[in-house]
Amino acid sequence: MRSLRAIGRFLSDESGQALAEEGLLLVTLLGVGGVGGLILVKQHPEMLHAIDIIVRSYWFVLSVPFP
């Protein structure tokens, strides 16, 4: 019976609220990003190719040895 009361107090306590909220936001953002990425790959491969060109050009400009 004491363990049930301890669990009840732990669940009603506010000490882990920020961590739980941040975890839910992270899972939501990763889920939306994953689903959005799959939709982008399946339905718009030319858009994915354009994003690839942009990222590669930024990478090239940032890796140039002179300022």
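Before reading further, recall that the structure is shown in the block above.
Residues numbered from 1 in each chain as written. Predicted model: local features only at pLDDT ≥ 70, side-chain atom pairs only at ≥ 80, totals over all residues. Heavy atoms only, no water.

J.: I would appreciate a short explanation of the overall build of the chain in the present structure.
T.: A count of helices and strands for the chain gives three helices and zero strands. Tracing the chain from N to C terminus, the helices and strands come up as α-α-α. Since a compact globule built from 67 residues should have a radius of gyration of about 11 Å, the 22 Å found for the chain marks it as more spread out than a globular shape. Principal-axis analysis of the C-alpha atoms places the extent of the chain at approximately 65 × 35 × 15 Å. The burial tally for the chain puts 0% of its 67 residues in the buried class. Surface summary for the chain: the accessible area is close to 6600 Å², and the carbon and sulfur share equals 72%. (Helix = DSSP H or I, 4+ residues; strand = E, 2+ residues; numbered from the N terminus. Rg over C-alpha atoms; globule rule 2.2 N^0.38 Å. Buried < 20%, exposed > 50% of the residue type's maximum accessible area, 1.4 Å probe, protein only. Areas by Shrake-Rupley, 256 points an atom, 1.4 Å probe, with all protein chains shown as cover.)

J.: I tried to follow the pattern of salt bridges on my own but got confused; where do I start?
T.: Pairing between side chains of opposite charge can happen when the charged atoms of each approach one another. Taken as a whole and judged by the stated rule, the model has one salt bridge. Across the salt bridge formed by Arg 56 and Asp 52, the nearest N and O atoms sit 3.1 Å from each other. One end of the pair, Arg 56, and the other, Asp 52, are both in helix α3 (residues 45-62), four residues apart, so they sit about a helical turn from each other. A relative accessible area of 58% means that Arg 56 is categorised as exposed. (Salt bridge = Lys/Arg side-chain N within 4 Å of Asp/Glu carboxyl O.)

J.: I would appreciate a short explanation of the packing of helix α2 (residues 17-43) against α3 in the present structure.
T.: The description of two helices packed together rests on the angle between their axes and the distance between the axes. In the contact formed by α2 and α3, the axes pass within 5 Å of each other and the chain directions differ by 110 degrees. By the angle between their directions, the pair α2 and α3 is classed as roughly perpendicular. Listed contacts from α3 to Leu 40, Val 41, Lys 42 and Gln 43 of α2 are Pro 45, Met 47, Leu 48 and Ile 51. Per-class residue counts for the contact of α2 with α3 are six nonpolar, one polar and one charged. (Axes fitted to C-alpha atoms, helices over the stretch in contact; angles between N-to-C directions. Parallel < 35°, antiparallel > 145°, perpendicular 65-115°, else oblique. Contact = heavy atoms within 4.5 Å. Nonpolar A, V, L, I, M, F, W, Y, C, P; charged D, E, K, R; others polar.)

J.: So what exactly am I meant to see when it comes to a nonpolar patch on the surface here?
T.: A surface patch of nonpolar side chains, amounting to about 260 Å² of accessible area, comprises Met 47, Ile 51 and Val 55. Examined against the element boundaries, Ile 51 turns out to sit in helix α3. (Patch = residues over 30% accessible without salt bridge, like charges linked within 9 Å, V, L, I, M, F, W, Y side chains within 5 Å.)

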